[in-house]
Amino acid sequence: MSIKKQFIKTKPVCKVTFSLEAKEATTASVVGDFNGWNPEEGALGKLKNGTFKATFDLPKDASYEFKYVIDGVYTNEPEADSFKWNEFAGAENSVLAL
């Protein structure tokens, strides 16, 4: 799993690429504050090597709670900027700081 950030100098956004290796999985998505926790809006495409990947333009100067959904199972990003306890979910969420 990894996150790549590319800040755009001419726009107030950051291109964030989420990628995760899940060769056995059939579906994967990233859900969070930035897409209303909607798996359809955060769908990741599966590459031939079994990696799921997608890039999203997110407003910078903000932080977002998020998780991956791999075949219906919620998973944190181990390389997240930090983690935050979420009372609603009763679990920790990954945090992305831009």
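For the structure given in this document, a descriptive report is provided here.

1. With respect to the packing of aromatic side chains
Across all of its chains, the model carries six aromatic pairs by this definition. For the ring pair F18 and Y68, a centre distance of 6.2 Å and an interplane angle of 85° mean the geometry is edge-to-face. Taken together, the residues span a long stretch of sequence, with F18 in strand β2 (residues 13-21) and Y68 in strand β6 (residues 63-70) at a distance of 50 residues. Taking the relative accessible area as the measure of exposure, F18 reaches 0% and is therefore buried. Under the relative-accessibility criterion, Y68 is labelled buried at 0%. Taking the centre distance of 5.8 Å and the plane angle of 85° together, the rings of F34 and Y64 count as edge-to-face. Taken as a pair, F34 in the loop between β3 (28-32) and β4 (45-46) and Y64 in strand β6 lie far apart in primary sequence, 30 residues in all. What makes Y64 buried here is its relative accessible area of 10%. Here the aromatic residues F18, F34, F56, Y64, F66 and Y68 are joined through ring pairs into a cluster of three or more.

2. Some remarks on the sheet that holds β2
The strand order across the open sheet built from four strands is β1-β2-β5-β4, with neighbouring strands paired in antiparallel fashion. Each end of this open sheet is capped by a strand with a single partner; those strands are β1 (2-7) and β4. In terms of strand pairing, β4 meets strand β5 (residues 51-59) through two bridges, oriented antiparallel. Looking at the pairing, K46 lines up with F52 of β5.

Each value, and the rule that gives it
Residues numbered from 1 in each chain as written. Predicted model: local features only at pLDDT ≥ 70, side-chain atom pairs only at ≥ 80, totals over all residues. Heavy atoms only, no water. Phe/Tyr/Trp six-rings, centres within 6.5 Å; stacked < 30°, edge-to-face > 60°. Helix = DSSP H or I, 4+ residues; strand = E, 2+ residues; numbered from the N terminus. Buried < 20%, exposed > 50% of the residue type's maximum accessible area, 1.4 Å probe, protein only. Pairing = 2+ DSSP bridges.

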